[in-house]
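Chain and residue survey
Below, each chain spelled out in residue letters.
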Amino acid sequence: MSLERLWAGWRSAYVAGTVAGPSDDAPSVGAPTDDPHPDDPAVCVFCRIAASGPPSPDNGVLWVGPTTLVVLNAYPYASGHLMAVPRRHVATLGDLTEDEAVELWAAARTGIAALEGAYRPEGINLGANLGEAAGAGIPRHLHLHAVPRWRGDTNFMTAVADTRVLPETLASSWERLTAAWPAGGAG
Ligand SMILES: [Zn+2]
């Protein structure tokens with residue numbers, strides 16, 4: 001599977017469910033993909049997540065720091081799929097302050113350490129879609145994806161039907177990753 005194919009599956013609707021709480025639902029084919037108010041932080045999915053309170057299975061947030069949070073993708077490519085997100089509504093790497101940039105990277109590293117501890121993946125995709133042309137579902141609010149991978153994890157359902165069969169619920173993913181979260185947070 002190419003990275004292009006992998007990242008292209010993510011749209012704003014795939015993370016919108018995080019605000020409402022974890023769901024067992026598989027991603028729905030043909031779900032709405034457009035953020036109707038992409039410039040308005042009041043309706044931005046990631047801004048709503050940032051305002052949703054401390055980490056809990058209900059909001060899917062795994063960790064919150066001074067400038068950054070780590071949250072489960074409500075419609076994961078694979079179980080454990082998480083995202084490191086600046087709490088501030090910024091679109092580009094260049095928009096980040098130095099402190100935000102440092103903490104975002106630290107949060108991605110810590111999230112990956114938790115993924116490794118919880119899932120023992122054979123590999124991890126870490127990446128970002130910068131801009132709509134690159135496939136970003138929410139191009140106005142920067143976010144880094146981390147997805148655990150295993151050899152042969154591309155099955156015919158993913159390749160043909162754009163459907164993912166996930167072996168655990170988001171609440172289970174939250175419990176596993178929280179249990180594996182390195183002591184000391186994202187530092
Ligand atoms: Zn935002």
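Structure: see above.
Structural notes, computed from the coordinates.

Overview of the side chain of His 145
Within the secondary structure layout, His 145 lies in strand 5 (residues 144–149). A polar atom in the side chain of His 145 sits 2.9 Å from the side chain of His 81.

Digging into the pattern of salt bridges
Inspection of the entire model under this criterion finds four salt bridges. One salt bridge in this structure joins Glu 122 and Arg 151, with 2.7 Å as the shortest N-O distance. In this pair, Glu 122 sits in the loop between helix 4 (98–119) and strand 4 (123–127) while Arg 151 sits in the loop between strand 5 and helix 5 (156–161), placing the two residues 29 residues apart along the sequence. Arg 151 sits in the exposed class, given a relative accessible area of 70%.

Brief notes about the environment of Ala 78
Among the structural elements, Ala 78 can be located in the loop between strand 2 (68–72) and strand 3 (82–86). Looking at Ala 78, the relative accessible area reads 11%, which means it is buried. In this structure, the C-alpha to C-alpha distance between Ala 78 and Val 147, residues 69 residues apart in sequence, is 6.5 Å.

Topic: unusual backbone geometry
Not every positive phi belongs to a glycine, and Arg 120 is a case in point at roughly 50°. Relative to the elements of secondary structure, Arg 120 occurs in the loop between helix 4 and strand 4.

Notes on helix 6 (residues 170–180)
What helix 6 keeps buried is the set Leu 170, Ser 173, Trp 174 and Leu 177. Each buried residue of helix 6 sits inside an arc of 100° when the element is viewed along its axis, so together they form one side. On the buried face of helix 6, the contacting elements are strand 1 (61–64), strand 2, strand 3 and helix 4.

Considering the packing of helix 4 against helix 6
Viewed as axis vectors pointing N to C, helix 4 and helix 6 meet at an angle of 110°, and their least axial separation amounts to 8 Å. Looking at the two axes, helix 4 sits roughly perpendicular to helix 6. Residue-level contacts link Ala 114, Leu 115, Gly 117, Ala 118 and Tyr 119 of helix 4 to Ser 173, Arg 176, Leu 177 and Ala 180 of helix 6. Taken together, the residues of the contact of helix 4 with helix 6 sort by class into six nonpolar, two polar and one charged.

What about the coordination of the zinc ion?
Bound to the zinc ion on the protein side are Cys 44 (SG), Cys 47 (SG), His 89 (ND1) and His 141 (ND1), at distances that span 2.0 to 2.3 Å. For the zinc ion, the four donor atoms in the first shell make angles of 102 to 117° at the metal, a pattern classed as tetrahedral. Written as a sequence motif, the donor arrangement for the zinc ion is C-x2-C-x41-H-x51-H. Of the two residues, Cys 44 is situated in the loop between helix 2 (12–20) and helix 3 (45–50) and His 141 in the loop between strand 4 and strand 5; the sequence distance between them amounts to 97 residues.

A closer look at the pairing of strand 5
A regular strand places its side chains on the two faces of the sheet in alternate fashion. Of all six residues in strand 5, six are buried; the element is thus mostly enclosed. Side chains of strand 5 alternate between two faces, with Leu 144, Ala 146 and Pro 148 and His 145, Val 147 and Arg 149 buried alike. Of the pairings in the sheet, the one linking strand 3 to strand 5 comprises three bridges and is antiparallel in character. The partner of Met 83 across the bridge, within strand 5, is His 145.

Describing the nonpolar core
Counting residues in each nonpolar core, the largest one holds 25 residues, and the members touching the most others are Leu 62, Val 70, Leu 82, Ala 84 and Leu 177. The set of elements that each furnish at least two residues to this core consists of strand 1, strand 2, strand 3, helix 4, strand 5 and helix 6. Within the second largest apolar cluster, 11 residues are counted, among which are Phe 46, Cys 47, Ile 49 and Leu 69.

A few points about the sheet that holds strand 4
To summarise the sheet geometry, strands pair through backbone hydrogen bonds and adopt either a parallel or an antiparallel arrangement. Pairing is antiparallel in the open sheet, where five strands are placed in the order 1-2-3-5-4. With one partner strand each, in any of the chains shown, strand 1 and strand 4 form the two edges of the open sheet. Taken over all neighbouring pairs, the strand axes of this sheet differ in orientation by 15° on average, direction set aside. The pairing of strand 1 with strand 2 spans three bridges and is classified as antiparallel. Directly across from Trp 63, in strand 2, lies its bridge partner Val 70.

What counts as what
- In this numbering scheme, every chain counts its residues from 1 along its sequence in written order.
- Two thresholds apply to this predicted model, a pLDDT of at least 70 for residue-level local features and 80 or more for giving and counting side-chain atom pairs, whereas whole-chain, interface and lining totals are computed over all residues.
- To get the side-chain values, all heavy atoms of the structure are used, and hydrogens and water are removed first.
- Here a strand is any run of E in DSSP of at least two residues, a helix any run of H or I of at least four, and the numbering for each starts at the N terminus.
- Two N or O atoms form a polar contact when they lie within 3.5 Å of each other; inside protein one atom must be a possible hydrogen donor and the other a possible acceptor, and for residues adjacent in sequence the pair counts only when both atoms belong to side chains.
- When a carboxyl oxygen of Asp or Glu is within 4 Å of a side-chain nitrogen of Lys or Arg, the pair counts as a salt bridge.
- Summary of the burial criterion: residues with accessible area below 20% of their type's maximum are buried, those above 50% are exposed, and those between are partly exposed, where the area comes from a 1.4 Å probe applied to protein chains only.
- Directions from the helix axis toward the C-beta atoms define the arc.
- Residue contacts follow a heavy-atom distance rule, with two residues in contact if any of their heavy atoms lie within 4.5 Å.
- Note on geometry: axes are lines fitted to C-alpha atoms, helical ones only across the stretch in contact, with angles between N-to-C directions running from 0 to 180 degrees.
- We call two directions roughly parallel when the angle between them is under 35 degrees, roughly antiparallel when it is over 145, roughly perpendicular when it lies between 65 and 115, and oblique otherwise.
- By the convention adopted, Pro, Cys, Tyr, Trp, Phe, Met, Ile, Leu, Val and Ala count as nonpolar, Lys, Arg, Asp and Glu as charged, and the other residues, Gly among them, as polar.
- Distances up to 2.8 Å from the metal define which N, O and S atoms are donors, and 3.2 Å serves for Na, K and Ca; water is absent from the atom set, so sites may look incomplete.
- Labels for metal geometry use angle windows, namely 85 to 135 degrees for all angles of a four-donor tetrahedral site, and for square planar (four donors) or octahedral (six donors) sites opposite donors over 155 degrees apart plus all others within 65 to 115; sites meeting none of these are irregular.
- DSSP calls a pair of strands paired once it identifies at least 2 bridges connecting them.
- Each nonpolar core is a collection of buried residues, namely Ala, Val, Leu, Ile, Met, Phe, Trp, Tyr and Cys, held together in the definition by side-chain atoms within 4.5 Å.

Any functional reading would require information beyond the geometric quantities listed.
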